[in-house]
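Notes for the structure review
The lines below spell out each chain.
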Amino acid sequence: MPSTRQILFAISSISFALIAVALYLQHIQDMMPCPLCVIQRYMFLAIGVCTLVAAISGKVREGSILALLAAIGGLVTVGKHLYVIANPGFSCGIDPMETFLNKIPTAEYLPWLFRANGLCEGATDSLLGLAIPQWSAVWFVILTLLLVFVLLRKKPA
């Protein structure tokens, strides 16, 4: 059975790998991220950072709780994204959320990672049979379950 620390490193690695896949899709496949995609990136990044810090520092409970909050935030965001895709008339395109996200310092200093330029309802391109937001939902569920497992685990870190 893997140690709690190993699980936290795995969660962190998965989260950072998902950000790398998002960057590949954006810069190589020309899939522009929408505001909800960018929020999901922030959530994956938060999960990765929190679990990495928890694994390194030994503050497993605190880091896991923060990562779990980010995972739940990601689930809510991807839920809205899937709703937008299922209801094409409901759009989050050029709206105050996009303007707000693009004014955040991280979007201004790292536009290649955090600038929202796409339409949420247009995120229907598939990868291995699922749309990108569906893949996000799958990974947020997996990461949430792993974090709950870490928090409920009786073994010491």
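Along every chain, residues carry numbers that run from 1 in the direction the sequence is written. At least 70 in pLDDT is required for a residue's local features to be given in this predicted model, at least 80 for side-chain atom pairs to be given and counted, and no such filter applies to totals for whole chains, interfaces and linings, which use all residues. Working from all heavy atoms in the structure, the side-chain values ignore hydrogens and water.

The protein carries the name Disulfide bond formation protein B in an unreviewed UniProt entry, which gives Massilia agri as its organism. Annotation of the protein in UniProt includes, under Function (unreviewed entry), the sentence "Required for disulfide bond formation in some periplasmic proteins. Acts by oxidizing the DsbA protein." UniProt positions are given in the numbering used here, feature names are shortened, and annotations may be inferred rather than shown by experiment. Quoted verbatim from the Sequence similarities (unreviewed entry) heading of the UniProt record, the comment on the protein is "Belongs to the DsbB family."

With that settled, the discussion passes to the packing of helix H2 (residues 35–57) against helix H7 (residues 132–152). Where H2 contacts H7, the two axes come as close as 12 Å, and the packing angle between them is 25 degrees. By the criterion of interaxial angle, the relationship of H2 to H7 is roughly parallel. The handedness of the crossing between H2 and H7 is left-handed. Along the contact surface, H2 presents Gln 40, Met 43, Phe 44, Ile 47 and Thr 51, while H7 presents Ser 136, Trp 139, Phe 140, Leu 143 and Leu 147. To define axes, lines are fitted to C-alpha atoms, for helices over the stretch in contact only, and angles between the resulting N-to-C directions are given on a 0 to 180 degree scale. Helix and strand definitions here come from DSSP, where helices need a minimum of 4 consecutive H or I residues and strands a minimum of 2 consecutive E residues; each element is numbered from the N-terminal end. Each angle receives one of four descriptions, namely roughly parallel if under 35 degrees, roughly antiparallel if over 145, roughly perpendicular if within 65 to 115, and oblique otherwise. The sense of a crossing depends on the near helix, which, turned anticlockwise from the far helix by less than a right angle, makes the crossing left-handed and, turned clockwise, makes it right-handed. Contacts are assigned to residue pairs with any non-hydrogen atoms lying within 4.5 Å of each other.

Let's shift gears to the environment of Val 150. One can find Val 150 in helix H7. We call a residue buried when its accessible area falls under 20% of the maximum for its residue type, exposed when it is over 50%, and partly exposed in between, using a 1.4 Å probe and counting protein chains only. Since its relative accessible area comes to 5%, Val 150 is described here as buried. Each C-alpha atom of the pair Val 150 and Thr 4 lies 6.3 Å from the other, and the pair is 146 residues apart in sequence. Residues within four places of Val 150 in sequence aside, it is in contact with Thr 4, Ile 7, Leu 8, Val 60 and Ser 64.

To estimate the expected span of a helix, count its residues, drop one, and scale the result by 1.5 Å. Given a rise of 1.5 Å per residue, 21 residues ought to cover 30 Å, and the 30 Å separating the end C-alpha atoms of H7 matches this to within 8%. Those residues of H7 that sit buried are Pro 133, Ser 136, Ala 137, Phe 140, Leu 143, Thr 144, Leu 147 and Val 150. Along the axis of H7, the buried residues cluster in a sector spanning 150 degrees; they form a single face. More than 90 degrees from the buried face of H7, the exposed residues found are Leu 145 and Leu 152. Looking at the packing, one finds that the buried side of H7 touches helix H1 (4–27), H2, helix H3 (60–86) and strand S2 (130–131). The directions considered for the arc are those from the helix axis to the C-beta atoms.

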